[in-house]
Amino acid sequence: MADFTEAQAAVVRIERAEPGRWDLSVISDSGVTMGHGVYLFEPDRDDAQDEIAGAAEFVRDYGFHFEADAVVADGPDAFWAPLLPLD
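Numbering of residues starts from 1 in every chain and runs along the sequence as written. A pLDDT threshold of at least 70 governs which residues receive local features in this predicted model, and a stricter bar of 80 or more applies before side-chain atom pairs are shown or counted, although totals over entire chains, interfaces and linings include all residues. Water and hydrogen atoms were dropped before computing side-chain values, which therefore reflect all heavy atoms in the structure.

Please clarify how the overall build of the protein should be interpreted in this entry.
A count of helices and strands for the protein gives one helix and seven strands. Secondary structure elements follow DSSP: runs of H or I no shorter than four residues count as helices, runs of E no shorter than two count as strands, and numbering proceeds from the N terminus. Secondary structure of the protein in N-to-C order comes out as β-β-β-α-β-β-β-β. Burial status follows relative accessibility: with a 1.4 Å probe on protein chains alone, a residue under 20% of its type maximum counts as buried, one over 50% as exposed, and anything between as partly exposed. Here the protein holds 87 residues, and 32% of them are scored as buried. For the protein, long-range pairs separated by at least 24 residues make up 37% of all intrachain contacts whose partners lie at least 6 apart in sequence. By the convention used here, residues are in contact when the closest approach between their heavy atoms is within 4.5 Å.

What follows is the structure, given as structure tokens:
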């Protein structure tokens, strides 16, 4: 678990680093990266469902989740979604 409070974690950011790799970050409400992970996959399986599933698993380890329909594009290869605490 990370050493930040539920109130500090604001979003998960998903960025394509290269074919077959997405970098995942938990970002605080003040813009500080508070957790980082990597989602590796076969480049031919590069679709929205796989990235969202990988990001959901990543943030679950930090005690959060996000709504798939809340994911917002932030450029051609970057996305973010607001985090919600696990119930």
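Let us keep going from here.
What should I look at first to understand the packing of aromatic side chains in this one?
Ring pairs (aromatic) are described by centroid distance and by the angle formed between their planes. Each Phe, Tyr or Trp ring (for Trp, its six-membered ring) is paired with any other whose centre lies within 6.5 Å, and the angle between the two planes then decides the class: stacked below 30 degrees, edge-to-face above 60, tilted in between. Applying the stated criterion across every chain yields a total of three aromatic pairs. Residues Trp22 and Phe79 carry aromatic rings whose centres are separated by 5.9 Å and whose planes lie at 45° to one another, so their mutual orientation is tilted. Taken together, the residues span a long stretch of sequence, with Trp22 in strand S2 (residues 21-28) and Phe79 in strand S6 (residues 78-82) at a distance of 57 residues. You can call Trp22 buried: its relative accessible area is 2%. With 5.2 Å between their ring centres and 70° between their planes, Phe58 and Tyr62 make a pair best called edge-to-face.

Can you help me understand the nonpolar core in this one?
Note on soluble globular proteins: their nonpolar side chains tend to be buried together. We define a nonpolar core as any set of buried Ala, Val, Leu, Ile, Met, Phe, Trp, Tyr and Cys residues linked to one another through side-chain atoms lying within 4.5 Å. Core analysis: the largest hydrophobic core is formed by 14 residues, its most contacted members being Val12, Phe58, Val59, Phe66 and Leu83. Ranked by the residues each element gives to this core, the list is headed by helix H1 (residues 48-60), at four residues. In contact with Val12, not counting residues within four places along its chain, are Ser25, Phe58, Val59, Phe66, Phe79, Trp80, Ala81 and Leu83.

Looking at this structure, I do not really get the pattern of salt bridges. What am I missing?
Pairing of side chains with opposite charge becomes possible as their charged atoms draw close. Think of a salt bridge as a Lys or Arg side-chain nitrogen and an Asp or Glu carboxyl oxygen that are within 4 Å of each other. Tallied over the full model, the rule gives four salt bridges. One salt bridge connects Glu15 with Arg13, and the closest N-O pair in it is separated by 3.4 Å. Asp77 serves as the salt-bridge partner of Arg16, at 3.1 Å between the closest nitrogen and oxygen. Taken together, the residues Arg16 in strand S1 (residues 9-18) and Asp77 in the loop between strand S5 (72-73) and S6 connect sequence positions 61 residues apart. For Arg16, a relative accessible area of 29% translates into the label partly exposed. A relative accessible area of 32% means that Asp77 is categorised as partly exposed.

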